[in-house]
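# Commentary on secondary and tertiary structure
Listed below, chain by chain, are the residues.
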Amino acid sequence: MYSMHEHRTLPDALLFVLSVFFRKIFILQLVGLVLTYNFTDCDFEKIRKKYQEVIYQALEKYMNGIKSTEFNNPIYCEDPPDCLTKIERITFYPTHGCTSLAKEIFAIGTNAALTLQCPGYSGMQINNTQAKKKRKKREVTTNKCRKQVAYLIELWRRFSRIS
């Protein structure tokens, strides 16, 4: 027969594993909150000029003649920091069906503008080795990517009007 000690060992071990697991999840969530940049101290005027000089043309070229209004899902931002937060998320964080935007010219310009004009913003790092490998298997511009870029165009337009 099992002793009382053996019956406790399994539940105790399970409780220990679960507590470690949930502690790690909590820490990862906390780190995610800390690593989010709030864009309040940026030079909005200089970012707007960079948008007008470089980013706008690159976004339009990416769309290749397709109007952003063809994608009928409006996106909104409240103020310049909110616009930049959404622009950063859509530009640099891949979504299902559209994983390559961070390597596009408009993304490089966006990264440069944010890095130069937002004190403490570290910018997004693209691993050159990964970029070279991915270039070989370059993602065809999909409708999902164009929809993401249409969102970016709307966010940049809104940012330009309110900054």
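First, a word on what this report is: a plain description of the structure on this page. Keep in mind the model is a prediction, meaning the values are calculated, not measured.

## Digging into the packing of helix α2 (residues 44-63) against helix α4 (residues 105-117)
The N-to-C vectors of α2 and α4 enclose an angle of 170°; their axes lie 8 Å apart at closest approach. Our classification of the angle between α2 and α4 gives roughly antiparallel. Where α2 approaches α4, its residues Lys46, Ile47, Lys50, Ile55, Ala58, Leu59 and Tyr62 are matched on the opposing element by Ile105, Phe106, Gly109, Thr110, Ala113, Leu114 and Gln117.

## Considerations on the state of the cysteines
One pass over the structure, following the stated rule, counts 3 disulfides. Between the sulfur atoms of Cys42 and its disulfide mate Cys118 the distance is 2.0 Å. Because the sign of the S-S torsion sets the handedness, a value of about 115° for the bond joining Cys42 and Cys118 places this disulfide among the right-handed ones. One end of the pair, Cys42, is in the loop between α1 (4-35) and α2; the other, Cys118, is in the loop between α4 and α5 (128-136), and 76 residues separate them in sequence. Between the sulfur of Cys77 and that of Cys83 lies a disulfide, 1.9 Å long from S to S. The sign of the S-S torsion, about 70°, decides the handedness of the disulfide formed by Cys77 and Cys83: right-handed. Accessibility expressed as a relative area gives 0% for Cys83, which makes it buried.

## Some thoughts on the packing of aromatic side chains
This structure, assessed with the given rule, holds 8 aromatic pairs. Centre to centre, the rings of Tyr51 and Tyr56 are 6.0 Å apart; their planes meet at 80°, and the pair counts as edge-to-face. According to the relative accessible area criterion, Tyr51 is buried, its value standing at 6%. Among the aromatic residues, those joined into a ring-pair cluster are Phe44, Tyr51, Tyr56, Trp156 and Phe159.

## Considering the pattern of salt bridges
This model, assessed by the stated rule, comprises 5 salt bridges. In this structure, the salt-bridge partner of Asp43 is Lys46, at a minimum N-O distance of 3.9 Å. With a relative accessible area of 28%, Asp43 lands in the partly exposed category. As a salt-bridge pair, Arg157 and Glu154 come within 3.0 Å of each other at their nearest N and O atoms.

Cut-offs used in this document
- The numbers attached to residues start from 1 for each chain and follow its sequence in the written order.
- Confidence filtering applies because this is a predicted model: local features only for residues at pLDDT of at least 70, side-chain atom pairs given and counted only at 80 or more, and all residues used for totals across whole chains, interfaces and linings.
- Only hydrogens and water are set aside when side-chain values are computed; all heavy atoms of the structure are taken into account.
- Every angle, taken between N-to-C directions, lies between 0 and 180 degrees, and every axis is a line fitted to C-alpha atoms, over only the stretch in contact when it is a helix.
- Helix and strand definitions follow DSSP, with helices as H or I runs of at least four residues and strands as E runs of at least two, each counted in order from the N terminus.
- Throughout this description, any angle smaller than 35 degrees is read as roughly parallel, any larger than 145 degrees as roughly antiparallel, any in the 65 to 115 degree range as roughly perpendicular, and the remainder as oblique.
- In this description, contact between two residues means that some pair of their heavy atoms is separated by no more than 4.5 Å.
- In what follows, a disulfide is any cysteine sulfur pair within 2.5 Å.
- Classification of residues uses two cut-offs on accessible area relative to the type maximum, computed with a 1.4 Å probe and protein chains only: under 20% is buried, over 50% is exposed, and between them is partly exposed.
- Note on ring pairs: Phe, Tyr and Trp rings are taken, using the six-membered ring of Trp, and paired if centres are within 6.5 Å. Classes follow the plane angle, with under 30 degrees stacked, over 60 edge-to-face and the rest tilted.
- By definition, a salt bridge exists where a carboxyl oxygen of Asp or Glu is found within 4 Å of a side-chain nitrogen of Lys or Arg.

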